[in-house]
There are 4 protein chains.
Amino acid sequence: MGVAAMTAATSTRTTPGTGRDRRPRRVLPAEVRTDHLMSAAAELFIEKGLDATTVDDIVAKAGVAKGTFYHYFATKADVLLALRARFSQDFTSRAAVAIEAVPQGDHRARFVAWLRAAVATYVANFRLHDVVFHDFTHDRRRSQEKDMVIDQLSQLLSAGQQAGAWDLPDARAAALILFDGMHGVVDDAIAAGRLDPEPLCSTLEQMLGRMLVR
Amino acid sequence: MGVAAMTAATSTRTTPGTGRDRRPRRVLPAEVRTDHLMSAAAELFIEKGLDATTVDDIVAKAGVAKGTFYHYFATKADVLLALRARFSQDFTSRAAVAIEAVPQGDHRARFVAWLRAAVATYVANFRLHDVVFHDFTHDRRRSQEKDMVIDQLSQLLSAGQQAGAWDLPDARAAALILFDGMHGVVDDAIAAGRLDPEPLCSTLEQMLGRMLVR
Amino acid sequence: MGVAAMTAATSTRTTPGTGRDRRPRRVLPAEVRTDHLMSAAAELFIEKGLDATTVDDIVAKAGVAKGTFYHYFATKADVLLALRARFSQDFTSRAAVAIEAVPQGDHRARFVAWLRAAVATYVANFRLHDVVFHDFTHDRRRSQEKDMVIDQLSQLLSAGQQAGAWDLPDARAAALILFDGMHGVVDDAIAAGRLDPEPLCSTLEQMLGRMLVR
Amino acid sequence: MGVAAMTAATSTRTTPGTGRDRRPRRVLPAEVRTDHLMSAAAELFIEKGLDATTVDDIVAKAGVAKGTFYHYFATKADVLLALRARFSQDFTSRAAVAIEAVPQGDHRARFVAWLRAAVATYVANFRLHDVVFHDFTHDRRRSQEKDMVIDQLSQLLSAGQQAGAWDLPDARAAALILFDGMHGVVDDAIAAGRLDPEPLCSTLEQMLGRMLVR
DNA sequence: AATGAATGAGCGTTCATTCAT
DNA sequence: CATGAATGAACGCTCATTCAT
């Protein structure tokens, strides 16, 4: 490092405390702490990215000491895993609620309900989605999380199939096309700034609906 | 170089070439060197991942000094960018060749040609694909690279549309569904170890073909 | 930490404390650690120069891990800043003590006290001085540090002025001439190996004293 | 390096030429080349500092290839040395011219001429001065360059001494005080943005003149 | 449980200098 | 003379994780 360069920049780092003004030690229920930490991490992951977010950042935002983080999560990667599980759980739940609101027999309407819930949930949470599913590679691509969603949709499609609502050669393949096709169209819209789910839903309904024919 | 070091009697910097076991200096055309470096990087990225691959690994594999790497790429990220461009170029070229091999007027067949080329190329190169497209986020999701591919397919679809081969409300949306649907199905197959493109192609042809109706 | 590394089965990052020959972890008061690090840095800066001293050198000498250095200083340049502040503080304090030892009314004697303290302190610490003030440029030449010293001397001169001990058109300019003139003569003596402050003091007393006339 | 961080930045580095558009080889007189290189270096040193200026920067500015630099200077430090010599030469010459313009016998006026020339030259070139004299340490403080200037002034003072114009116990010490005192006052003015030499000269004339008494 | 000082392997990048052409 | 590709030692800084208190 050159001399000139050295003193040009002035540091902003504060000298570590001399031990006086310590944070008061607060004991909190484990669930609350876990939740605080996960939320802090989620916000930071979204804001600055996974790698750019340090454990220091997380604990600073959560207002706890570094060691506390490691009481609740074995590694930094574990928070991500927890967030991912939570995300999928939420996604599937919302879709389930939407589907249940439709009469059992109307398979087409149930598919539309799924589609609309999926689009709405995805548009609303794509930033977190990006973060928690960022590091999927083929090794782990068929993850438990994606499988949860695909299975849900597959079952819906299979039910319609058995009821004669449509005729699909491969329910899983169909589910994958519907799910990933939806993703693709919504991603494109997001990238273009079109965040209103409505037009996306009608386009998708029309296009994807064609696949569900007898 | 530090100021103090500069005017001190003896520089602290070791003169390159003082050691015994020096690498023989080989001057190579820029293109060749670039290519060597990119290939070495690609193999390593696939083998151990992006982050786990160090620049040292790359230059060791390419058989050059570290500085040589930085002679051709400003940062490690740049190699990735270059690989990405090369990948997309290759993908599009192969698809184009396949399409051109089909008579102009047969739009359905041209689509199938695209599909088969896409599946084949993807299955053959998914590992590199995973690496070079790993860090796409919504900020840059609508990338130049994906757009190249989507545009190619959109044009194919639009041509068929104008010729009355099918009737699509939105060619770009259709292209996205076809492309991402294809990806989803192939990814699932890859994850399951079904690497033979043939069955994938027929399923996809059947399912996706349904969207292309009058 | 890289994304790929994170969710891979085994992290590539070596867990600290895996090795055999680990340094025993010693927790020390922040002030003590800071002081150790600063002293180690000062000695090395003097010995081998600023640039030639690496952070590795400093931590080796201080007997701590590298990370510990960065726990207390944001950058290498920060230690220099801290040393500079400490140096000026010390210089001013010594001069103040010497001045206070002289009766309030004897302004001439107070100036001589300042001069002798300044020469003595400078001769005793010029090596550290050289290091910490090495990279002053006009941009920051009028630094807080030099200003502390100049202000102290200016005030002494102004007090004498008001008491009618001498007549100066510009106290600050006078302070600068006295201070920098002192520096120049002492530097020349140091360069020539004449490190005894006594002859320097008498020459300076005589020469500089001429400026302090009614 | 993290994945997210990697592609966030886009490189600006141009791929090295493929060998076509090479610079035309121009053979120039050695002196001209030397001069071009020194001037380019000087501007860059002033602009971005010594360390921050790379040999690449210099050759880019001078419009020559890197190897050419090493034809004319053995090391980067050598350019600085050359600039320093040139600077001192210039300083002494200007002072000499100013002194010679004054009648031999008028020693007081000769000193004033020196002072005014020195202030004017220094104010006009302090940026280059800062750069070329930046890395003076006590080891080399009594440099050939400073000695040239001090000797010149010492001789002027000794001549006045012998002629009975003033009475100084130590001509060299006096020269040092005058020179460094001048520096200190001018530096302070520069730092404060007072770049007009006139007021500086009168203050200095008055203050420093007091030392030159019988 | 909670704290935060301490650890240290690791990596990307720089750049003066060399030398084949 | 001139060129610019090639070299490689060096270094500052990061940050997940540990553990004494």
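Keep in mind it's a predicted model, so treat the numbers as computed, not measured.

Basis of the calculations
- Residues numbered from 1 in each chain as written.
- Chains lettered and ligands numbered in written order.
- Predicted model: local features only at pLDDT ≥ 70, side-chain atom pairs only at ≥ 80, totals over all residues.
- Heavy atoms only, no water.
- Salt bridge = Lys/Arg side-chain N within 4 Å of Asp/Glu carboxyl O.
- Helix = DSSP H or I, 4+ residues; strand = E, 2+ residues; numbered from the N terminus.
- Phe/Tyr/Trp six-rings, centres within 6.5 Å; stacked < 30°, edge-to-face > 60°.
- Buried < 20%, exposed > 50% of the residue type's maximum accessible area, 1.4 Å probe, protein only.
- Axes fitted to C-alpha atoms, helices over the stretch in contact; angles between N-to-C directions.
- Parallel < 35°, antiparallel > 145°, perpendicular 65-115°, else oblique.
- Left-handed = near helix turned anticlockwise from the far one by under 90°.
- Contact = heavy atoms within 4.5 Å.
- Buried area = accessible area lost by both parts, 1.4 Å probe.
- Nonpolar A, V, L, I, M, F, W, Y, C, P; charged D, E, K, R; others polar.
- Expected span 1.5 Å × (residues − 1).
- Least-squares fit on C-alpha atoms with pLDDT ≥ 70 in both.
- Polar contact = N/O pair within 3.5 Å; in protein donor to acceptor, adjacent residues only side chain to side chain.

**Student:** Mind laying out the pattern of salt bridges, listing which residues take part and the relevant values?
**Tutor:** Per the counting criterion, the structure on display carries 50 salt bridges over all chains. A salt bridge links B:Asp56 to B:Lys66, with the shortest nitrogen-to-oxygen separation between them at 2.9 Å. Of this pair, B:Asp56 sits in helix H3 (residues 55–62) while B:Lys66 is found in helix H4 (residues 66–72), placing the two residues 10 residues apart along the sequence. With a closest N to O distance of 2.9 Å, D:Asp57 and D:Lys48 form a salt bridge.

**Student:** Before we move on, could you go through the packing of aromatic side chains and cite the residues and values that matter?
**Tutor:** Enumeration according to the criterion identifies 20 aromatic pairs over all chains in this entry. Ring geometry for B:Phe69 and B:Phe73: centres 5.6 Å apart, planes at 40 degrees, overall tilted. On the basis of an interplanar angle of 20 degrees and a centroid distance of 6.3 Å, the ring pair of D:Phe111 and D:Trp114 is categorised as stacked. Taken together, the residues span about one helical turn, with D:Phe111 and D:Trp114 both in helix H6 (residues 107–132) at a distance of 3 residues. What makes D:Phe111 buried here is its relative accessible area of 1%. Among the aromatic side chains, those forming a connected cluster through ring pairs are A:Phe69, A:Tyr70 and A:Phe73.

**Student:** Tell me what's going on with the packing of helix H8 (residues 171–192) of chain A against helix H9 (residues 197–209) of chain B, and back it up with residues and numbers.
**Tutor:** Between H8(A) and H9(B), whose axes approach to 11 Å, the crossing angle comes to 60 degrees. With respect to their mutual orientation, H8(A) and H9(B) come out oblique. Once H8(A) is placed against H9(B), the crossing between them reads as right-handed. In this structure, H8(A) contributes A:Ala173, A:Ala174 and A:Ile177 to the contact, and H9(B) contributes B:Thr203, B:Leu204, B:Met207 and B:Leu208.

**Student:** Give a detailed account of the interface of chain A and chain B, specifying residues and quantitative values.
**Tutor:** The extent of an interface is frequently quoted as the accessible surface area lost upon association of the parts. Opposite the 37 residues of chain A that make contact, chain B presents 37 residues. Contact between chain A and chain B buries roughly 3300 Å² in total, counting both sides, with carbon and sulfur atoms accounting for 64%. Put simply, chain A and chain B have 2 salt bridges between them. A:Asp188 is paired through a salt bridge with B:Arg172; the nearest N and O atoms lie 2.8 Å apart. Residue assignment for the side of chain A that touches chain B shows that the elements contributing at least two residues are helix H6 (107–132), H8 and helix H9 (197–209) of chain A. Ranked by the residues each element gives to the side of chain A that touches chain B, the list is headed by H8(A), at 14 residues. When the residues that make up the side of chain A that touches chain B are grouped by side-chain class, the tally is 18 nonpolar, 7 polar and 12 charged.

**Student:** Account for helix H2 (residues 30–48) of chain C, naming residues and giving values.
**Tutor:** Residue and element names in this part refer to chain C. Taking 1.5 Å as the rise per residue, H2 with 19 residues should run 27 Å; its terminal C-alpha atoms sit 27 Å apart, in good agreement. When we look at burial in H2, the residues that qualify are Ala30, Arg33, Thr34, Leu37, Met38, Ala40, Ala41, Ala42, Leu44 and Phe45. Elements in contact with the buried residues of H2: helix H3 (55–62), helix H4 (66–72), helix H5 (76–100) and helix H6 (107–132). Glycine 49 sits one or two positions beyond H2 and adopts a positive phi of about 95 degrees.

**Student:** How would you summarise the relation of the copies chain A and chain B if you had to cite specific residues and measurements?
**Tutor:** Each copy superposes on the other: chain A lies on chain B with an RMSD of 0.2 Å after a rotation of 180 degrees and an axial shift of 0.0 Å. This pairing of chains is accounted for by a two-fold axis. In terms of C-alpha distance to the rotation axis, chain A has A:Gly181 as its closest residue, with the C-alpha 2.4 Å off the axis. Most of the interface of chain A is mirrored in chain B, where 100% of its interface residues again form contacts.

**Student:** Break down helix H9 (residues 197–209) of chain C for me, with residues and values.
**Tutor:** For H9(C), which comprises 13 residues, the first-to-last C-alpha distance of 17 Å matches the rise-based estimate of 18 Å (1.5 Å per residue) to within 8%. Considered for burial, the residues of H9(C) that qualify are C:Leu200, C:Cys201, C:Leu204, C:Met207, C:Leu208 and C:Gly209. The secondary structure elements touched by the buried residues of H9(C) are H6 and helix H8 (171–192) of chain C together with helix H8 (171–192) of chain D. Two or three places before C:Glu198, at the start of H9(C), stands the capping residue C:Asp196, its side-chain oxygen 3.1 Å from that residue's backbone nitrogen.

**Student:** A description of the packing of helix H2 (residues 30–48) of chain B against helix H6 (residues 107–132) of chain B should follow, citing residues and the corresponding values.
**Tutor:** All names here are of chain B. Relative to each other, H2 and H6 sit at 90 degrees, their axes nearing to 9 Å. Here H6 runs roughly perpendicular to H2, going by the angle between their axes. Listed contacts from H6 to Ala42, Phe45 and Ile46 of H2 are Arg127, Leu128 and Val131. Partitioning the contact of H2 with H6 into residue classes produces 5 nonpolar, no polar and 1 charged.

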